[in-house]
Amino acid sequence: MLIGCGAVAQQFYLPTLRTLSSLGEVSVQALVDPSDSARRALAGTFPQAQQIAQLNESNAPDGSLAIIATPPRFHCAQTVDAVKRGWHVLCEKPMASTSVECEQMIASAKSSHRLLAVGLYKRFFPSSRYLKDLFSQGQLGALRSFSISEGGPFRWPAASPSFFNKAQTPGGVLLDIGVHVLDLLIWWLNEPSAYQYFDDAMGGLETNARVELDYPGGARGVLHLSRDWYTPNQYRFVFERGIVGWKVNDANGLTVQLSGASSALRSQLVTPSTPSLSDPAAQLQPTNPQSFIAQLRNVAAAIQGRETLLIPGEEGLRSLRFIETCYAHRTLIEQPWFTPAEAERARHLAATS
Amino acid sequence: MKIAIIGANGFIGSRLVEQFHLGGQHTVIPVVRKPASLALPARFSLEWRLGDALETESLTAALQGCDAVVHAAIGDPLQIEKMPAILCAAAAAAGIKRVVYLSSASVHGQSIPPGTTEATPLHTEHSIDYNNAKVRAERSFFSECSKYRMDGYALRPGVVYGPRSRWIADLAEELREGRAWLFDEGRGICNSIYVDNLIHAIRLCLEANAGAGQPYLVGDEETVTWADFYHQAAQLTGLPTTSIHRVDRFPAFEKSFRERVEKTVAQPWVQSLLPAVPFKLKRATKTLIASWNPPGSPDAWALPGRPGPHITEEMALLQQNRWRFPHTQAAQNLGYRAPVSFEEAMRRSFAWLRFATDVSVK
């Protein structure tokens, strides 16, 4: 059942479930949302699904999967409720509002013997998996530095202002975009040994965030996230023996410049050639939407005991815990166009919020 | 004073929120059309409101309890023309007596005839639709203010630049790409105004005891040529001025397919039919038009050369301007004098650009 029929459900889960339904891999039993109009947007595609306002109105059987795509402040209560009813859960990112809630969700799932997966689908990109191999196997040597910029003027079709209400959403761009970026970084490199965090929240929610990170072994990195202005949307990793570039959301493409080479290679990832596969270019690895589908397939296969669940709740918790420590140690970012009086007042607002 | 700022997420509106809130003299109420536009105002703990500058009822609700309103919303030419009447009706219904409307020096065109002042009669025969829309909008604004007996102030800034301005970001990009250009060695006058100077003028309008019912031309204190603007930008971005093209003639400016479609859509008879068109079809058509860019035929034998200058009709007209419009009326009636120098304004603007784009590891 799909719990929450807003923008994420409409843009990502609707096409995913439509594809997997047509293959007979899943069947959508219920669309859950207090808003009639939000449910109607999906009901046309899944006419057989029960349309209900609340999760507790569902008669889905034990062992079903609840996909939770509601605002983060509802994730904990809905997950706990769902697993107690005997349903497995795939919870959209961020996993919850706080790490304490995440721990509660994990404990509930464990005690109910149900799976709790977190929707961090960028781990399913062939390009991010390729990078994971580079970091762990060291084909290009040790990592020396990296820079990551992601974001641009905010365009997400948020249905309500709750997204920008600090009482309802505990973070800004770091929690929104940053949860994906930090999940990937922690998956690739583990937690940093030291970091500094800066943002522009002055009593509200940040729209620009900068994290400077240090890793054991001496690698240094910087992360810049923005909902304010256009960024290059680019990841750049400098290794001992080469530089790898990755464009945000390019699920199966990378740019690689080997040390000493005068040019870089702009590559698409393909399935390795085998004697029976004469044209590897025809075997492009999964795209961005196909990676989203792969995530749901992994959850379904894990429920059936055919695969290991790749992103369980414990993994979703790691990036959220790091984000919380960033917020706890935030420093107001310098905004160099402010007058000295404005900068002083901004520091006061940031310190007292 | 409690001041509503319509268009609080835009370039001018967002700086207005910053200045007024951090200045502490006024309580600001950012007003935006949709939740997604709250990203910038929501950095502060402020009471923001949703209100559509094209719907009287929604805007009236958003303006309730405010003492004054500043209109900094943008739109296409048709929307620009509609907004003042809606603004004034909503402000009147909300009991607001003071309205500041951001008009534009473009009401005089981009290349302003010498001798132009606020008293110079306006016309709607400009080649750029935006200018004509601003002329009609300003006329509508004063007429509606008079109808509702409101104190209406219209400001006519020229080239407004500063943090989050396309003038800064685009110019830096053109300089980097080698596509920036100057006409006649940049002798044209750009009638610049730093956004903080414009906000100073807005503040004066909000606090003035007289001078309502008139438009005001406002600008930086210095006479800034295009060469000044470009050379300063090149210096602050660390790029050589030698990469700037010198241009002595302009191409013929033909309306693009997109501009022709937009002009047709703006016709009243087309507008009257639009409500009957399904939303999804309208959205799909808009997306198609936005992406419409007929490719030229590539020449496989051509060698990549130096990038050419990026010349638009608006920029060609602006760079031919020889008149620095006076700020005398604003000085006399409002006490206007630009507080931030051009040099300091450019320094702050490019400091913002580094803030927004620099991701280097230190």
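All values reported here derive from a predicted model rather than from experimental measurement.

Q: What is the right way to look at the overall build of chain A in this model?
A: Looking only at helices and strands, chain A features 10 helices and 15 strands. Dimensions along the principal axes, computed over C-alpha positions, put chain A at roughly 65 × 60 × 35 Å. Sorting the 353 residues of chain A into buried and exposed places 42% on the buried side. Here the analysis covers contacts within chain A between residues at least 6 apart in sequence; of these, 65% occur between residues at least 24 apart.

Q: How should the overall build of chain B be read in this particular structure?
A: Looking only at helices and strands, one finds 13 helices and 11 strands in chain B. On C-alpha atoms alone, chain B measures out to a radius of gyration of 21 Å, which is about the 21 Å that the 2.2 N^0.38 rule sets for 362 residues. The proportion of buried residues among the 362 residues of chain B is 44%.

Q: Looking at this structure, I do not really get the confidence of the model for chain B. What am I missing?
A: A low pLDDT score tells you not to read the predicted coordinates there in detail. Looking at chain B as a whole, its pLDDT mean stands at 92, while 95% of the residues score no less than 70. We note a pTM of 0.90 for the whole complex and an ipTM of 0.88 for its interfaces.

Q: What's the story with the sheet that holds strand E3 (residues 50-52) of chain A in this structure? I'm lost.
A: Adjacent strands of a sheet form backbone hydrogen bonds with each other and so pair up, either parallel or antiparallel. All names here are of chain A. Reading across the sheet, the six strands line up as E3-E2-E1-E4-E5-E6 and stay open at both edges, with parallel pairing between neighbours. Looking along the sheet, the strands with just one partner apiece sit at the ends: E3 and strand E6 (116-119). In this sheet, strand E4 (residues 65-68) lies alongside strand E1 (residues 2-3) in parallel orientation, the contact comprising two bridges. The partner of Ile-3 across the bridge, within E4, is Ile-68. Each of E1, E4, strand E5 (88-92) and E6 is contacted by helix H3 (residues 75-84), which is oriented at about 165° to E5, the strand it contacts most.

Q: I keep staring at the domain arrangement of chain A and nothing clicks. Help me out?
A: Interface size is commonly expressed as the accessible area that is lost once the parts come together. All names here are of chain A. Entries for chain A in the domain assignment read domain 1 (2-119) and domain 2 (124-287 + 317-332). Residue-level contacts link 15 residues of domain 1 with 15 residues of domain 2. The greatest single-element share of the side of domain 1 that touches domain 2, amounting to four residues, is contributed by helix H4 (residues 99-111). Residue composition of the side of domain 1 that touches domain 2, grouped by class: eight nonpolar, four polar and three charged.

Q: Help me understand the pairing of strand E2 (residues 27-32) of chain B, please; the structure alone is not making it clear to me.
A: Looking down a regular strand, the side chains alternate between one sheet face and the other. All names here are of chain B. The buried count for E2 comes to five of six residues, which makes it a mostly enclosed element. Direction of pairing for strand E1 (residues 2-6) relative to E2: parallel, over a ladder of five bridges. Bridge pairing in E2 links Ile-6 to Val-31. With helix H1 (residues 11-23) bridging E1 and its parallel neighbour E2, the resulting β-α-β unit is right-handed. Bridge count for E2 against strand E3 (residues 49-50) is two bridges, and the pairing is parallel.

Q: Before we go on, may I ask you to explain the interface of chain B and chain A in this structure?
A: In this assembly, 22 residues from chain B lie in contact with 34 residues from chain A. Sort the elements by how many residues they give to the side of chain B that touches chain A and helix H13 (residues 342-357) of chain B lands first, with five residues. A class-by-class count of the residues in the side of chain B that touches chain A yields 16 nonpolar, three polar and three charged.

Q: Would you mind showing me how to read the environment of Gly-63 of chain A here?
A: All names here are of chain A. Along the polypeptide, Gly-63 turns up in the loop between E3 and E4. Note on Gly-63: 11 C-beta atoms within 10 Å, which makes it exposed. When the C-alpha atoms of Gly-63 and Ile-303 are compared, they prove to be 8.0 Å apart, with 240 residues separating the residues in sequence.

Q: Sorry if this is basic, but what is going on with the environment of Ser-136 of chain A here?
A: Relative to the elements of secondary structure, Ser-136 of chain A occurs in helix H5 (residues 126-137). For the pair Ser-136 of chain A and Leu-265 of chain A, spaced 129 residues apart in the sequence, the C-alpha separation amounts to 22 Å.

Q: Can you help me understand the sheet that holds strand E6 (residues 151-157) of chain B in this one?
A: Taken together, the seven strands give an open sheet; going across it, the order is E3-E2-E1-E4-E5-E6-E10 (chain B), and neighbouring strands pair in parallel fashion. Looking at strand neighbours, the two that pair on one side only are E3 and strand E10 (214-218) of chain B, the edges of this open sheet.

Q: Looking at this structure, I do not really get the nonpolar core. What am I missing?
A: A general trend in soluble globular proteins is that nonpolar side chains are found buried together. Core analysis: the largest hydrophobic core is formed by 116 residues, its most contacted members being Ile-3, Ile-5, Val-69, Leu-155 and Ala-201 of chain B. Non-local contacts of Ile-3 of chain B, meaning those with residues more than four positions away in its chain, are made with Phe-20, His-26, Thr-27, Val-28, Ile-29, Cys-66, Asp-67, Ala-68, Val-69, Val-70 and Leu-206 of chain B.

Q: How should I be thinking about unusual backbone geometry in this particular structure?
A: Backbone geometry follows two general trends: most residues other than glycine have a negative phi, and most peptide bonds adopt the trans configuration. Here the bond from Lys-93 of chain A into Pro-94 of chain A is cis, since omega is -15°, no more than 30 degrees from zero. Take Pro-94 of chain A: it is sitting in the loop between E5 and H4. At Arg-164 of chain B, a position not held by glycine, the phi torsion is positive, near 70°. Structurally, the position occupied by Arg-164 of chain B is in the loop between strand E7 (159-161) and helix H5 (166-177). In this structure Arg-164 of chain B comes out as buried when scored by C-beta crowding, with 23 C-beta atoms within 10 Å. Located in the positive-phi region is Asn-191 of chain B, a residue other than glycine, with phi close to 45°. You can see Asn-191 of chain B is positioned in the loop between strand E8 (181-183) and strand E9 (192-194). On the basis of neighbour counts, which here come to 24 C-beta atoms within 10 Å, the residue Asn-191 of chain B falls in the buried class.

Q: Looking at this structure, I do not really get the packing of H5 of chain A against helix H7 (residues 178-189) of chain A. What am I missing?
A: Two quantities define a packed helix pair, namely the angle between the helix axes and the distance between the axes. Residue and element names in this part refer to chain A. Where H5 contacts H7, the two axes come as close as 9 Å, and the packing angle between them is 35°. Touching Ser-128, Leu-131, Lys-132 and Phe-135 of H5 are Leu-184, Trp-187, Trp-188 and Leu-189, all from H7. Here the residues of the contact of H5 with H7 are counted per class, giving six nonpolar, one polar and one charged.

Q: When you look at the pairing of strand E5 (residues 98-102) of chain B in this model, what are you seeing that I'm missing?
A: Residue and element names in this part refer to chain B. Within E5, five of the five residues are buried, which leaves the element mostly enclosed by the surrounding structure. The two faces of E5 match: Arg-98, Val-100 and Leu-102 on one face and Val-99 and Tyr-101 on the other face are all buried. Here strand E4 (residues 68-71) pairs with E5 via four bridges, running parallel. Across the sheet, the residue bridging to Val-70 is Val-100, located in E5. The parallel pair E4 and E5, bridged by helix H3 (residues 77-93), forms a crossover whose chirality is right-handed.

Q: Whenever I open this one, H1 of chain B confuses me. Can you help?
A: Residue and element names in this part refer to chain B. Here H1 contains 13 residues, and its C-alpha end-to-end distance of 18 Å stays within 8% of the 18 Å for a straight helix at 1.5 Å per residue. When you tally the buried positions in H1, you get 12 out of 13 residues, the bulk of the element. Regarding H1, the residues found buried are Phe-11, Ile-12, Gly-13, Ser-14, Arg-15, Leu-16, Val-17, Glu-18, Gln-19, Phe-20, His-21 and Leu-22. The first or second residue beyond H1 is Gly-24, which carries a positive phi of 80°.

Q: In this structure, what is going on with H5 of chain A? I would like to understand it.
A: Three or four residues apart is the spacing at which side chains of an α-helix point the same way, because the helix has 3.6 residues per turn. All names here are of chain A. For H5, with 12 residues, the first-to-last C-alpha span of 16 Å sits near the 16 Å given by 1.5 Å per residue. For H5, every residue scored as buried is listed here: Pro-126, Ser-127, Ser-128 and Leu-131. Buried-residue contacts for H5 involve H7, strand E12 (242-247) and strand E13 (253-258). At the C-terminal side of H5, Gly-138 shows a positive phi close to 70°.

Reading the values: the criteria
- Residues numbered from 1 in each chain as written.
- Chains lettered and ligands numbered in written order.
- Predicted model: local features only at pLDDT ≥ 70, side-chain atom pairs only at ≥ 80, totals over all residues.
- Helix = DSSP H or I, 4+ residues; strand = E, 2+ residues; numbered from the N terminus.
- Buried ≥ 20, exposed ≤ 12 C-beta atoms within 10 Å, placed from the backbone.
- Contact = placed C-beta atoms within 7 Å.
- Rg over C-alpha atoms; globule rule 2.2 N^0.38 Å.
- pLDDT = per-residue confidence, 0-100.
- Pairing = 2+ DSSP bridges.
- Axes fitted to C-alpha atoms, helices over the stretch in contact; angles between N-to-C directions.
- Domains from an automatic or database assignment.
- Nonpolar A, V, L, I, M, F, W, Y, C, P; charged D, E, K, R; others polar.
- Right-handed = clockwise from strand over helix to strand, strands pointing away.
- Core = buried A, V, L, I, M, F, W, Y, C linked by C-beta atoms within 7 Å.
- Expected span 1.5 Å × (residues − 1).

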